[in-house]
Amino acid sequence: MTLLHGTPHGRRPVVVSVASRCIAMLSLLIAACAAPPPPPDVPTGAPADYSERRYRDLAADELVFEIDAERTLIRIYVYRGGALARLGHDHVIASRDVAGFVLLGPDEGGERRVEADLYAPLAAMSVDEAALRQEAKFTTEPSESDREGTRGNMLKSVGAAEHPFVALEVQSSAAVEIPGGGRFDIDVTVTLNGVTSLISVPVDVRVDAASLGAAGAFTIRQTAFDIEPFSVLGGALTVKDEIDIRFELHADRLSLGHAISAN
């Protein structure tokens, strides 16, 4: 749609694109709506109900592995939707501050009980690291203000001020051999935004006497955790409900010495 403006001297009319003006105005409106709230501080320590002592005590008799945060990465892929999706960006959110323990119970006929308690502070998560966007083959390039707006609104949506951690718990009887590993469907209890949900996750496990690695991918719906997907302009530009999660966990064997010396 265009508007034609004539001139009193018969010069050629000027063509003004209403569509272009509307898109520019919408972009400004979106930027204003996405202004981030002040982010919560990154919490120190573990969640209040977390029992680190239990795992350190069990390390005297059982195989207990402690997560190595420097080699552990969780990627969360968030996708744009709505009629004006072209004006937005897909995002990759990363957690590099995962902490916790994995326990492999006594060998019972080649099978070991699997337990795990992991957590990560939501406020420490990064948004749209350049290398991770390139790895994901995302085609748009968000600005610094876009990234800050996304981070602030994400933390608000998941209730990070009231529920500062995402927690994952495993109680499983999956067969895991030492040394070795395999692919298992493991039930993971995820707690986010004060809501707990049980999810079956396919996990590739590699384990030996000194270390453990686990990798996998799964999809969740934000609404399953009472999270309202972010939207502006009456839903014309939204964040899709489904998000994809990929993880690579690395953990080292917790020795008896570490268990005894822990406070």
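Residues numbered from 1 in each chain as written. Predicted model: local features only at pLDDT ≥ 70, side-chain atom pairs only at ≥ 80, totals over all residues. Heavy atoms only, no water.

### Re the overall build of the protein chain
Of regular secondary structure, the protein chain possesses 5 helices and 16 strands. Per-residue burial for the protein chain yields a buried fraction of 41% across its 263 residues. For the protein chain, restricting intrachain contacts to residue pairs at least 6 apart in sequence, the fraction spanning at least 24 positions comes to 68%. Per element, the accessible surface of the protein chain, about 14,300 Å² overall, is 54% carbon and sulfur. (Helix = DSSP H or I, 4+ residues; strand = E, 2+ residues; numbered from the N terminus. Buried < 20%, exposed > 50% of the residue type's maximum accessible area, 1.4 Å probe, protein only. Contact = heavy atoms within 4.5 Å. Areas by Shrake-Rupley, 256 points an atom, 1.4 Å probe, with all protein chains shown as cover.)

### A closer look at the layout of surface pockets
For the second largest pocket, the calculated volume is near 420 Å³. In terms of lining, the second largest pocket is formed by 21 residues, of which the most central are Pro 47, Asp 49, Tyr 50, Ala 167 and Thr 191. Ranked by residues supplied to the lining of the second largest pocket, first place goes to strand E10 (residues 165–172) with 4 residues. Counted by class, the lining of the second largest pocket contains 10 nonpolar, 6 polar and 5 charged residues. (1 Å grid on protein atoms, 1.4 Å probe; cavity = no way out; pocket = protein on both sides within 12 Å on 5 of 7 lines; lining within 4 Å. Points joined across faces, edges and corners; volume = space filled by probe spheres on them. Nonpolar A, V, L, I, M, F, W, Y, C, P; charged D, E, K, R; others polar.)

### Considerations on the packing of aromatic side chains
Under the criterion given, the structure shown has 5 aromatic pairs. Centre to centre, the rings of Tyr 50 and Tyr 119 are 4.9 Å apart; their planes meet at 70°, and the pair counts as edge-to-face. Of this pair, Tyr 50 sits in the loop between helix H1 (18–33) and helix H2 (52–58) while Tyr 119 is found in strand E8 (residues 114–121), placing the two residues 69 residues apart along the sequence. Assigned by exposure class, Tyr 50 and Tyr 119 land together as buried. For the ring pair Tyr 55 and Phe 101, a centre distance of 5.5 Å and an interplane angle of 10° mean the geometry is stacked. Linking Tyr 55 in helix H2 with Phe 101 in strand E7 (residues 99–104), this pair joins segments that are 46 residues apart in sequence. An aromatic cluster is defined as three or more aromatic residues linked by ring pairs; in this entry it consists of Tyr 50, Tyr 119 and Phe 165. Between Arg 54 and the ring centre of Tyr 55, over which it is positioned, the NZ or CZ distance is 5.2 Å. (Phe/Tyr/Trp six-rings, centres within 6.5 Å; stacked < 30°, edge-to-face > 60°. Lys NZ or Arg CZ within 6 Å of the ring centre and 35° of its normal.)

### Re the sheet that holds strand E14 (residues 231–232)
Taken in spatial order, the 3 strands make up an open sheet running E5-E15-E14, and their pairing is antiparallel. Looking at the sheet topology across the chains shown, the edges are occupied by strand E5 (80–81) and E14. (Pairing = 2+ DSSP bridges.)

### Points about the pairing of E10
Across 8 bridges, E8 lies against E10 in antiparallel orientation. For Ala 116, the partnering residue across the bridge sits in E10 and is Val 170. One ladder, built from 4 bridges, connects E10 with strand E11 (residues 180–192); its direction is antiparallel. The residue bridging Leu 168 from the neighbouring strand is Val 190, located in E11.

### Quick word on the confidence of the model for the protein chain
Of the residues in the protein chain, 79% have a pLDDT of 70 or more, and the chain-wide mean is 83. Segment residues 28–34 is flagged for pLDDT under 50; beyond a separation of four residues in sequence, or across chains, it makes 10 contacts in the model. Contacts of residues 259–263 to residues separated by more than four positions or lying in other chains number 6 contacts, the stretch itself having pLDDT below 50. (pLDDT = per-residue confidence, 0-100.)

### Focus on the nonpolar core
Of all hydrophobic cores here, the largest spans 45 residues; its most connected members are Ile 76, Leu 122 and Phe 225. If one sorts the elements of this core by residue count, strand E12 (residues 195–207) sits on top with 6 residues. If you look at the next biggest cluster of nonpolar residues, it comprises 9 residues, including Val 64, Leu 103, Tyr 119 and Leu 254. (Core = buried A, V, L, I, M, F, W, Y, C linked by side-chain atoms within 4.5 Å.)

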